[in-house]
Amino acid sequence: MGCVTTIVQKNKMEIKDKKELVKLASFITMGDGGVYKSSDKSEAYFVMNMIQKNEDYVDYCRDVISNITTVSKRKVVKDITRQDQFRIESKRHPFFTKLHNRILNTYLANSK
């Protein structure tokens, strides 16, 4: 990424370039996470689950998304046949609603 305007301070990443933030959040959402709405009237929110051995990546994603809104991280304990995971989940925000609508509209346009 050419000129990076990302600053890491005290385990908090501050992204000053809005275009960079949109790109990073979009890549994370379409790659490993997702944006969800529970109804047409509510705002969307971000969710990502990842196995515990990738905690550094989970923390990176949490730091990126926390530039948009508050993000919580919790441990998800699975049964004996599956690995335990970390889950990050954001609060509802218009940014994620816009992203959700763009992804959905692109999918619908290409499925015809």
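Residues numbered from 1 in each chain as written. Predicted model: local features only at pLDDT ≥ 70, side-chain atom pairs only at ≥ 80, totals over all residues. Heavy atoms only, no water.

## Notes on the packing of aromatic side chains
Using the criterion set out here, one finds four aromatic pairs in the structure. Members of the aromatic cluster, joined through ring pairs, are Phe46, Phe95 and Phe96. Here the guanidinium or amino end of lysine 73 rests over the ring plane of phenylalanine 86, the centre of that ring lying 4.5 Å away. (Phe/Tyr/Trp six-rings, centres within 6.5 Å; stacked < 30°, edge-to-face > 60°. Lys NZ or Arg CZ within 6 Å of the ring centre and 35° of its normal.)

## Observations regarding the nonpolar core
With 22 residues, the main nonpolar core has Phe46, Met48, Val64, Ile88 and Phe96 as its most contacted residues. Secondary structure elements with two or more residues in this core: β2 (12–15), α1 (18–31), β4 (45–51), α2 (55–65), β6 (85–90) and α3 (94–110). Other than its neighbours up to four places away in sequence, isoleucine 88 contacts Phe46, Val47, Met48, Val58, Cys61, Arg62, Val71, Ser72 and Lys73. (Core = buried A, V, L, I, M, F, W, Y, C linked by side-chain atoms within 4.5 Å. Buried < 20%, exposed > 50% of the residue type's maximum accessible area, 1.4 Å probe, protein only. Helix = DSSP H or I, 4+ residues; strand = E, 2+ residues; numbered from the N terminus. Contact = heavy atoms within 4.5 Å.)

## Comments concerning the packing of α1 against α2
Taken N-terminus to C-terminus, the directions of α1 and α2 make an angle of 135°; their axes are 10 Å apart at the nearest point. Our classification of the angle between α1 and α2 gives oblique. Considering the relative orientation of α1 and α2, their crossing is left-handed. The segment α1 lies against α2, with Leu21, Leu24, Ala25 and Ile28 engaging Tyr57, Tyr60, Cys61, Val64 and Ile65. Partitioned by chemical class, the residues of the contact of α1 with α2 number nine nonpolar, no polar and no charged. (Axes fitted to C-alpha atoms, helices over the stretch in contact; angles between N-to-C directions. Parallel < 35°, antiparallel > 145°, perpendicular 65-115°, else oblique. Left-handed = near helix turned anticlockwise from the far one by under 90°. Nonpolar A, V, L, I, M, F, W, Y, C, P; charged D, E, K, R; others polar.)

## Here we look at the sheet that holds β6
Within the open sheet, the four strands sit side by side as β3-β4-β6-β5. Their pairing is antiparallel. Strands with a single pairing partner mark the edges of an open sheet, and in this sheet they are β3 (33–36) and β5 (71–76). The mean inter-strand angle of the sheet, taken between neighbouring strand axes irrespective of direction, is 20°. Where β3 lies against β4, four bridges are found, and the strand directions are antiparallel. Each bridged residue has a counterpart across the sheet, and for valine 35 the counterpart in β4 is phenylalanine 46. Strand contacts of α1: β3 and β4, with the helix running at about 95° to β3, the strand carrying the most contacts. Running at roughly 170° to β4, α2 makes contact with β4, β5 and β6 of the sheet. (Pairing = 2+ DSSP bridges.)

## Here we look at the pairing of β6
Most of β6 is tucked away: five of the six residues are buried. Pairing of β5 with β6 involves six bridges; the strand directions are antiparallel. Residue arginine 74 lies in a different strand from β6, and its bridge partner there is arginine 87.

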